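Here is how the chains run, residue by residue.
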There are 4 protein chains.
Amino acid sequence: MYIAVIGPDAEATSMNRQHAYEVGHLLAERGVIVVTGGLGGVMECAARGCSDADGMSVGLLPGRDRRYGSQPHAVALPTGLGELRNALVVGCADGVIAIGGSWGTLSELALAQRNGVRVVSLNGWGVVDEAGRPLEVETAISPRQAVDRIIEVAGGLLR
Amino acid sequence: MYIAVIGPDAEATSMNRQHAYEVGHLLAERGVIVVTGGLGGVMECAARGCSDADGMSVGLLPGRDRRYGSQPHAVALPTGLGELRNALVVGCADGVIAIGGSWGTLSELALAQRNGVRVVSLNGWGVVDEAGRPLEVETAISPRQAVDRIIEVAGGLLR
Amino acid sequence: MYIAVIGPDAEATSMNRQHAYEVGHLLAERGVIVVTGGLGGVMECAARGCSDADGMSVGLLPGRDRRYGSQPHAVALPTGLGELRNALVVGCADGVIAIGGSWGTLSELALAQRNGVRVVSLNGWGVVDEAGRPLEVETAISPRQAVDRIIEVAGGLLR
Amino acid sequence: MYIAVIGPDAEATSMNRQHAYEVGHLLAERGVIVVTGGLGGVMECAARGCSDADGMSVGLLPGRDRRYGSQPHAVALPTGLGELRNALVVGCADGVIAIGGSWGTLSELALAQRNGVRVVSLNGWGVVDEAGRPLEVETAISPRQAVDRIIEVAGGLLR
């Protein structure tokens, strides 16, 4: 199973980073391959947690230079796609855990929702319709709950 | 100047469609090239308004078959990129008018915000941060206001 | 009908450029929309010929800045895809005319052959198999022959 | 270091497959990560050789369904990019070994040459200019020579 962990780069909070580390660690313990956008913040912390649990992580970088990828990713692929790589990150995963909020993260979350890829959000941004009513995005209150839940719901959708 | 008009396909409301037609018409009157995702609903109505004002519109289709493109687009390009074409639609425009809400539309709006491409929204979805505070997305109350505003703010950012 | 005209940028010969101008002019006279990679050399000359015959041309630029597009294109779209835009150029066309040779041009010609998009080549590079035997790529001896032939063979494959 | 191994799918010869297996094995022994297009033939055999030497391989699939990926890849990413993934395969590698010939393989080889990514070819197709003169593509006579050479020439270009 492949789970994308998405979230802010430099603007990630320290709680976002801690959660990302724990999520990466827990996913690796469960044998899940972690996919990220390959940069810092939530992406780097998820990869480090994964690495510390001897797991496999793949970073899909927006640019063409692998050296901008964050160290702990086991595999770092410079796509040269710019922000189009956001669609690649969620499109190649069986499910998504979103940690924290940013416009880039929201674009990935929205693409996942659009394409029926399951998402669980931890301290992420919310969406309201034109009348101000909240749209449903599944949320978790802890890294463990997020991991348990995404493995449960994405399990039936293996691609 | 190139302005992307984004919004729902089949789930567009009749008000969304009417607004899209007027926006397309007004943009064409101002000599703006209209870019859309090439399908129905808001995309088709914007292209029809543009066409009825003798304007130029380009539809960037997700699939590989031009015949799925909606008729009124002057140019229809089947990209074969799937949802990655969303990033192309906003990435090749100088500004974005979002009409109505859907997850695909939100992904495009978020990518535009992420990349500093100006957006004006008409009856679109809103975004709230993790504490429930609304994030600023510029809104308009009429097609004319949306068009005036996007031409004003995107004018300095010609790419 | 949409025909991609592919060929070298700065390294185009003066014969390549003259052929490209004539091909663009003839395609426009026949009502065909011309698609190019949006830069100079063969791409610019094809767009200029098209423009001089009041035709429609679309340039799909590799970068993110429209100002690098060559002037005569009626529509210039900065894709930000880098060399991935080569696959977009041939993938959104009903047929391809290749003028002159370069590695970028060859990548487009090969993608077209791979995907069953018809190609006619004017003074282009050739391909030989591992035993040195030439592989068949249809060639023309003049712009007019190239245009007549691509319209004939691509006509049945409209997408 | 990341090396892309490119070559035909179903039309690969038995010699192509044997060479691909050896190339994948030798690259893994040298600690190189192998990148392929994720399908059968040369791609599958390179991944199997890599796997049998306890190496890491990544398959970048054209479609959206991971189940079409060939088994021995350690990581299989469905890109949904169609033939645009060819540019991704060579663009994310530090060098390329081309084994055997096909139009898809030639498109990748040409993109690599275009972008200054070093290529070594084993029993691949050749390219001649408009006057019939062969264009230089570096060739090897054995898997070992191809691997030694690509590691030597790509070493200075690490991205």
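Preceding this section is the structure that the text describes.
> Can you help me understand the nonpolar core in this one?
Where a protein is soluble and globular, its nonpolar side chains tend to be buried together. In this structure, A:Leu77, B:Leu77, C:Leu77 and D:Leu77 are the most contacted members of the largest nonpolar core, which totals 136 residues. In this structure, A:Leu77 is in contact with A:Val58, A:Gly59, A:Leu60, A:Leu61, A:Arg66, D:Tyr2, D:Val58, D:Leu60, D:Leu77 and D:Cys92, ignoring residues within four places of it in sequence.

> What's the story with the relation of the copies chain A and chain B in this structure? I'm lost.
Each copy of the chain is related to the other by a rotation around an axis and a translation along that axis. With an axial shift of 0.0 Å and an RMSD of 0.0 Å, the rotation relating chain A to chain B amounts to 180°. The superposition operator between the copies reduces to a two-fold rotation axis.

> Would you explain the side chain of B:Glu108 in this entry?
Residue and element names in this part refer to chain B. For Glu108, the position within the fold is in helix 4 (residues 103-115). One buried charged residue, Glu108, remains without a salt bridge, the closest side chain of opposite sign being Arg85 at 4.8 Å. Ignoring any residue separated from it by four or fewer positions in sequence, one finds Glu108 in contact with Ile6, Asn86, Val89 and Val90.

> I tried to follow the packing of helix 1 (residues 14-29) of chain D against helix 5 (residues 143-154) of chain D on my own but got confused; where do I start?
Helix-helix packing: each pair is described by the crossing angle between the helix axes and the interaxial distance. All names here are of chain D. Here helix 1 crosses helix 5 at 45°, and the two axes come no closer than 9 Å. With respect to each other, helix 1 and helix 5 are oriented oblique. Pair helix 1 / helix 5 crosses with right-handed handedness. Each of His19, Glu22, Val23, Leu26 and Leu27 in helix 1 lies in contact with helix 5, whose residues at this interface are Pro143, Arg144, Val147 and Ile151. Broken down by class, the residue content of the contact of helix 1 with helix 5 amounts to 6 nonpolar, 1 polar and 2 charged.

> Would you explain the interface of chain B and chain D in this entry?
Frequently, the measure chosen for interface size is the accessible area removed from exposure when the parts meet. The interface is formed by 6 residues belonging to chain B together with 6 residues belonging to chain D. Taking both sides of the interface into account, the surface hidden between chain B and chain D amounts to around 370 Å²; carbon and sulfur atoms contribute 52%. Taken together, the links from chain B to chain D amount to 0 salt bridges. Scanning the region where chain B abuts chain D turns up 0 residue pairs in polar contact (both at pLDDT 80 or more).

> In this structure, what is going on with the interface of chain A and chain B? I would like to understand it.
With 26 residues of chain A at the contact, the number on the chain B side is 26 residues. Between chain A and chain B, the buried area comes to about 2300 Å², and carbon and sulfur atoms account for 74% of it. Contact with chain B buries area across many residues of chain A, yet A:Glu83, A:Leu84 and A:Trp103 alone supply 29% of it, more than any other trio. Remark: the boundary between chain A and chain B carries 2 salt bridges. Residues A:Glu83 and B:Arg114 are paired through a salt bridge, measuring 3.3 Å at the closest nitrogen-oxygen approach. Along the contact surface separating chain A from chain B lie 6 residue pairs in polar contact (both at pLDDT 80 or more). If you list the elements that add at least two residues to the side of chain A that touches chain B, you get helix 3 (85-91), helix 4 (103-115) and strand 7 (126-128) of chain A. Tallying contributions element by element places helix 4 of chain A first for the side of chain A that touches chain B, with 10 residues.

> Explain the sheet that holds strand 4 (residues 75-78) of chain D to me, please; I cannot follow it from the model alone.
Strands pair in a sheet through their backbones, by hydrogen bonds, and they do so in one of two ways: parallel or antiparallel. All names here are of chain D. Pairing within the open sheet is parallel, and its 6 strands lie in the order 4-3-2-1-5-6. Each edge of the open sheet is held by one strand with a lone partner, namely strand 4 and strand 6 (118-122). When strand polarity is set aside, the average angle formed by the axes of neighbouring strands in this sheet is 20°. In this structure, strand 1 (residues 2-6) lies alongside strand 2 (residues 33-36), joined through 3 bridges in parallel fashion. Within strand 2, the residue paired with Ala4 across the bridge is Val35. Contacts between helix 5 and the sheet are confined to strand 1, strand 5 (95-99) and strand 6, with strand 6 contributing the most and set at about 175° to the helix.

What counts as what
Residues numbered from 1 in each chain as written. Chains lettered and ligands numbered in written order. Predicted model: local features only at pLDDT ≥ 70, side-chain atom pairs only at ≥ 80, totals over all residues. Heavy atoms only, no water. Core = buried A, V, L, I, M, F, W, Y, C linked by side-chain atoms within 4.5 Å. Buried < 20%, exposed > 50% of the residue type's maximum accessible area, 1.4 Å probe, protein only. Contact = heavy atoms within 4.5 Å. Least-squares fit on C-alpha atoms with pLDDT ≥ 70 in both. Helix = DSSP H or I, 4+ residues; strand = E, 2+ residues; numbered from the N terminus. Lys, Arg positive; Asp, Glu negative; His and termini not counted. Salt bridge = Lys/Arg side-chain N within 4 Å of Asp/Glu carboxyl O. Axes fitted to C-alpha atoms, helices over the stretch in contact; angles between N-to-C directions. Parallel < 35°, antiparallel > 145°, perpendicular 65-115°, else oblique. Left-handed = near helix turned anticlockwise from the far one by under 90°. Nonpolar A, V, L, I, M, F, W, Y, C, P; charged D, E, K, R; others polar. Buried area = accessible area lost by both parts, 1.4 Å probe. Polar contact = N/O pair within 3.5 Å; in protein donor to acceptor, adjacent residues only side chain to side chain. Pairing = 2+ DSSP bridges.

Don't take any of this as a statement about function, it's just geometry.
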